[in-house]
Amino acid sequence: MVMFRKFRGLPRLPTWVLFVLPVLAAAAADRPVTEVLGIADLGGLDQGEIVSYDVREPTDKTLAAGLAMYVEAPPERLIAAVRNGALLMGDSDVIAAGIFLPAGGPEALNGFEFGPSDAEEAEALSEVEPGPEFNFSAAEIQGFRALGRTLAHVSETEKLRLLSRRYREVLWQRLDGYRRYGADAIEPYARSGGATVDVAAELRTFTEQSAVLRHYAPELQAALLRFPAPSEAASTLQWVERKVEGRPTVILVHQMVQPKAGGALVAVRDFYVGHSFNSSQMVLGILPYRQGSLVFYSHCTSTDQVAGVGAGLKHAIGRERLRAVMFGRMERLKASVR
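Residues numbered from 1 in each chain as written. Predicted model: local features only at pLDDT ≥ 70, side-chain atom pairs only at ≥ 80, totals over all residues. Heavy atoms only, no water.

Undergrad: Tell me about the nonpolar core, and name the residues and values.
TA: Residues Phe100, Phe136, Tyr167, Leu220, Leu265, Phe271 and Phe296 are the most contacted members of the largest nonpolar core, which totals 68 residues. For this core, the leading source of residues is helix 6 (residues 156-181), giving nine residues. Beyond its immediate chain neighbours, meaning those up to four positions away, Leu220 contacts Leu213, Ala233, Met256, Gln258, Leu265, Val266 and Ala267. Counting residues in hydrophobic clusters, the runner-up holds 31 residues, among them Leu63, Val71, Val253 and Val273. (Core = buried A, V, L, I, M, F, W, Y, C linked by side-chain atoms within 4.5 Å. Buried < 20%, exposed > 50% of the residue type's maximum accessible area, 1.4 Å probe, protein only. Helix = DSSP H or I, 4+ residues; strand = E, 2+ residues; numbered from the N terminus. Contact = heavy atoms within 4.5 Å.)

Undergrad: Talk me through the pattern of salt bridges; I want residue IDs and the actual numbers.
TA: In this structure the tally under the stated criterion is 14 salt bridges. Put simply, Asp304 and Lys61 hold a salt bridge, and the shortest N to O gap is 3.2 Å. One end of the pair, Asp304, is in the loop between strand 11 (292-302) and helix 10 (311-336); the other, Lys61, is in the loop between strand 2 (51-53) and strand 3 (62-71), and 243 residues separate them in sequence. By relative accessible area, Asp304 is classed as partly exposed at 24%. Salt-bridge contacts for Arg180 lead to Asp176; the nearest nitrogen and oxygen are separated by 3.0 Å. Linking Arg180 with Asp176, this pair stays in helix 6, spanning four residues, or about one helical turn. The exposure class assigned to Asp176 is buried, which follows from its relative accessible area of 15%. It is possible to trace a salt-bridge network through shared partners that takes in Lys61, Arg191 and Asp304. (Salt bridge = Lys/Arg side-chain N within 4 Å of Asp/Glu carboxyl O.)

Undergrad: An account of the layout of surface pockets is requested, with residue identities and associated values reported.
TA: Counted as a void, the largest pocket has a volume near 810 Å³. Lining the largest pocket are 29 residues, and of these Val244, Glu245, Phe277, Leu322 and Val325 lie nearest its centre. Secondary structure elements with two or more residues in the lining of the largest pocket: strand 7 (234-244), strand 10 (279-289), strand 11 and helix 10. The element contributing the most residues to the lining of the largest pocket is helix 10, with eight residues. Taken together, the residues of the lining of the largest pocket break down into 13 nonpolar, eight polar and eight charged. When its volume is computed, the second largest pocket comes out at roughly 320 Å³. (1 Å grid on protein atoms, 1.4 Å probe; cavity = no way out; pocket = protein on both sides within 12 Å on 5 of 7 lines; lining within 4 Å. Points joined across faces, edges and corners; volume = space filled by probe spheres on them. Nonpolar A, V, L, I, M, F, W, Y, C, P; charged D, E, K, R; others polar.)

Undergrad: Account for helix 5 (residues 138-148), with residues named and values stated.
TA: Taken as a whole, helix 5 has its buried residues at Glu140, Ile141, Phe144, Leu147 and Gly148. Buried residues of helix 5, seen end-on, are gathered within an arc of 130° and therefore sit on one face of the element. Exposed side chains of helix 5 directed beyond 90 degrees from the buried face belong to Ala139 and Gln142. Here the buried face of helix 5 lies against helix 4 (119-126), helix 6 and strand 5 (189-190). (Arc of directions from axis to C-beta.)

Undergrad: Help me get a handle on the side chain of His254, residues and values and all.
TA: Structurally, His254 is set in strand 8 (residues 247-260). Among the polar contacts made by the side chain of His254, one reaches the side chain of Ser235 at a distance of 2.9 Å. Residues in contact with His254, not counting those within four places in the same chain, are Tyr178, Phe227, Ser235, Thr236, Leu237, Ala267, Val268, Arg269 and Phe271. (Polar contact = N/O pair within 3.5 Å; in protein donor to acceptor, adjacent residues only side chain to side chain.)

Below is the structure:
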């Protein structure tokens, strides 16, 4: 069975689609969460402002940011709003999505297909080379180029169909490897000059250095690092097709929820991304706070675009862009419970 939905306008979304910002309750620990996160503007927080806090950037390719807000609504109302799609409402970049059922197979990806408007993207796939334009292993690149050599005399419609099928095969191989063997099965991305991007190492670093996971959900931290070893954390694997920098791409997503007293903490990792960035991991939660809830959102993203010459300026610009996207999502969540 395939769960699939096209997104237009402001749809009502199922919980599993909330790959960008799934937010649930998190239990309090021995230190105040505001101290763990390093939130300095407590006055602004208590007045209902969305305030930022620093998140460590462990590599020269990392962009990281954190936002928090106080909402005068109980955690259960915010959780319900998230489940009803409050955080994705207005996100016109989401094109399609599907969930991988535990006993399912590659048919879960049948909802992904290049259309006529994606002809330029598909054409680039048929001639792909190692580099930052696409995120593929050396073997995956060879497969696309071999297919491309057979497409010279086929119709545009057939070309799109064959390239879509090949892309689905790549996605399924990556998904199946991850769910069987975890991050160790993630094939590195091939770059020019024989360089590679080690996504597995990036995700391990994000997990090991997360202050929220370390202080509030060490069980979830361990579950992420040891996946697919059995744990109390519930896992969901899904795919999402969205526009990134104006181009369609498919993202493979792993969401883990660790129950805690009064709620849960959620980690969401993008363990495969078609282009533009390498990987990302988010840790999100809602805590009882004063007469309502504290919502916090920490996000780490790896991208080749901020490394190298001018890295300081690139990081500053990229970090502000990341915060702007996060800020919009937090505002929509807050508005949904007024």
